[in-house]
Amino acid sequence: MTNIPIVDLTIHHQPRDMRDRIALGFTKVLRWCADTFFAKRYGHRAIVLETVAAVPGMVGATITHLRCLRRMCGDQGWIRTLMEEAENERMHLMTFIEIAKPTLFERMVILGVQWVFYLAFFTLYLVSPRTAHRIVGYFEEEAVISYTHYLREIDEGRSANVPAPAIAKHYWQLPDDATLRDVVLVVRADEAHHRDVNHGFASELAGHAPAAVMAPYPVHAEQLQPETVKLAA
Ligand SMILES: [Fe+2]
Ligand SMILES: [Fe+2]
């Protein structure tokens, strides 16, 4: 695969103030919880965590949209960027659901976590959008690390490098013979892009210049496959 953007794995936003340190500390606690709960079950880990990852973009878009209506001002493209991020994370979920099947317990965890995380993140975004975007930036740093570990599992033969699901081949415009390894590479590139976008938004809100270089975004299909937009029964 030659059209998958290269990801710089060394990028880490150094905390500059107390809010950044809180965001990083919170992220590290959640990372420890995920490592403890999932260990090396990367397919299951991806499913549960992508149900969480798809929340912040929609919350940020909603609150930014409402604020722009109240203040009658422009959004500088933030709303579409955040809505696209939410859709992209949902496509990660729809892809990994073809790779692994969540257990009943994991489905229950998803239900509980969504309520808690949505309400908590919504409240945080109202109080401090800057901290909210910084947390997402750190979440995405961890996502890049997790998908790098997943790649190693595939390369070392502990996870089967199965054919890529049709939904993934359509969404990332992958060739017919694409495999799970190719899918993980493009998903990781998506996460690296989200990392830079969210750290950039947080820096902008803090009055700092965002980093000049942003991880390139992979190509995505303009239209989702019909079956991907059908509501589950
Ligand atoms: Fe994701
Ligand atoms: Fe992401």
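- Going by what an unreviewed UniProt entry lists, the chain is known as Oxidase and is assigned to Croceibacterium xixiisoli.
- Per its UniProt entry, the chain bears the Subcellular location (unreviewed entry) comment "Membrane".

**Quick word on the overall build of the chain**
Consideration 1: Looking only at helices and strands, one finds eight helices and zero strands in the chain.
Consideration 2: In terms of overall size, the chain behaves like a compact globule, its C-alpha atoms giving a radius of gyration of 17 Å where 233 residues would be expected to give roughly 17 Å.
Consideration 3: Burial statistics for the chain: of 233 residues in total, 34% are counted as buried.
Consideration 4: Taking as baseline every contact in the chain between residues at least 6 positions apart, the subset at least 24 positions apart corresponds to 75%.

**Details of the UniProt feature "binding site: Fe cation 1" (unreviewed entry) in the chain**
Consideration 1: With numbering matched to this structure, UniProt assigns "binding site: Fe cation 1" (unreviewed entry) to E50, E89, H92 and E191. With the annotated positions falling across 142 residues, the maximum pairwise C-alpha distance of 10.8 Å places them together in a single cluster.
Consideration 2: Mapping E89 onto the fold places it in helix α3 (residues 78–96).
Consideration 3: In this structure E89 touches E50, A53, A54 and G57, once residues within four positions along its chain are discounted.
Consideration 4: Looking at the element boundaries, E191 is found in helix α7 (residues 180–205).

**Considering the packing of helix α4 (residues 104–127) against helix α5 (residues 129–155)**
Consideration 1: Here α4 crosses α5 at 130°, and the two axes come no closer than 5 Å. Classed by the angle they form, the pair α4 and α5 counts as oblique. The residues of α5 that touch α4, namely those facing F121, L124 and Y125, are P129, T131 and A132.
Consideration 2: For the contact of α4 with α5, the residue count by class is five nonpolar, one polar and no charged.

**Description of the UniProt feature "transmembrane region" (unreviewed entry) in the chain**
Consideration 1: Using the residue numbers shown here, the UniProt feature "transmembrane region" (unreviewed entry) corresponds to residues 108–127.
Consideration 2: With 100% helix and 0% strand, residues 108–127 has its two end C-alpha atoms placed 29 Å apart.

**With respect to the nonpolar core**
Consideration 1: Counting residues in each nonpolar core, the largest one holds 38 residues, and the members touching the most others are V183 and V184.
Consideration 2: Every element with two or more residues in this core is listed here: α2 (42–71), α3, α5, α6 (166–171) and α7.
Consideration 3: Here this core gets nine residues from one element, more than from any other, and that element is α5.
Consideration 4: With near-sequence residues (within four places) excluded, V183 lies in contact with T95, A164, A168 and A178.

**What to know about α3**
Consideration 1: Its 19 residues give α3 an end-to-end C-alpha distance of 27 Å, which sits within 8% of 27 Å, the value for a rise of 1.5 Å per residue.
Consideration 2: Those residues of α3 lying buried are W78, L82, E85, N88, E89, M91, H92, M94, T95 and F96.

**Structural notes on the environment of E85**
Consideration 1: Tracing the backbone through its elements, the reader meets E85 in helix α3.
Consideration 2: For E85, a count of 24 C-beta atoms within 10 Å puts it in the buried group.
Consideration 3: C-alpha of E85 to C-alpha of P56: the two residues are 29 residues apart in sequence and 8.7 Å apart in space.
Consideration 4: Setting aside residues no more than four positions away along its own chain, E85 makes contact with G57 and H194.

**What to know about unusual backbone geometry**
Consideration 1: Unlike most non-glycine residues, A39 shows phi in positive territory, near 50°.
Consideration 2: Examined against the element boundaries, A39 turns out to sit in the loop between α1 (18–38) and α2.
Consideration 3: Positive phi is not limited to glycine here, since M72 has a value of about 55°.
Consideration 4: As for its placement among the helices and strands, M72 is situated in the loop between α2 and α3.
Consideration 5: For M72, a count of 6 C-beta atoms within 10 Å corresponds to the exposed category.

The rules behind these values
- Residues numbered from 1 in each chain as written.
- Chains lettered and ligands numbered in written order.
- Predicted model: local features only at pLDDT ≥ 70, side-chain atom pairs only at ≥ 80, totals over all residues.
- UniProt positions renumbered as here; feature names shortened; annotations may be inferred.
- Helix = DSSP H or I, 4+ residues; strand = E, 2+ residues; numbered from the N terminus.
- Rg over C-alpha atoms; globule rule 2.2 N^0.38 Å.
- Buried ≥ 20, exposed ≤ 12 C-beta atoms within 10 Å, placed from the backbone.
- Contact = placed C-beta atoms within 7 Å.
- Axes fitted to C-alpha atoms, helices over the stretch in contact; angles between N-to-C directions.
- Parallel < 35°, antiparallel > 145°, perpendicular 65-115°, else oblique.
- Nonpolar A, V, L, I, M, F, W, Y, C, P; charged D, E, K, R; others polar.
- Core = buried A, V, L, I, M, F, W, Y, C linked by C-beta atoms within 7 Å.
- Expected span 1.5 Å × (residues − 1).

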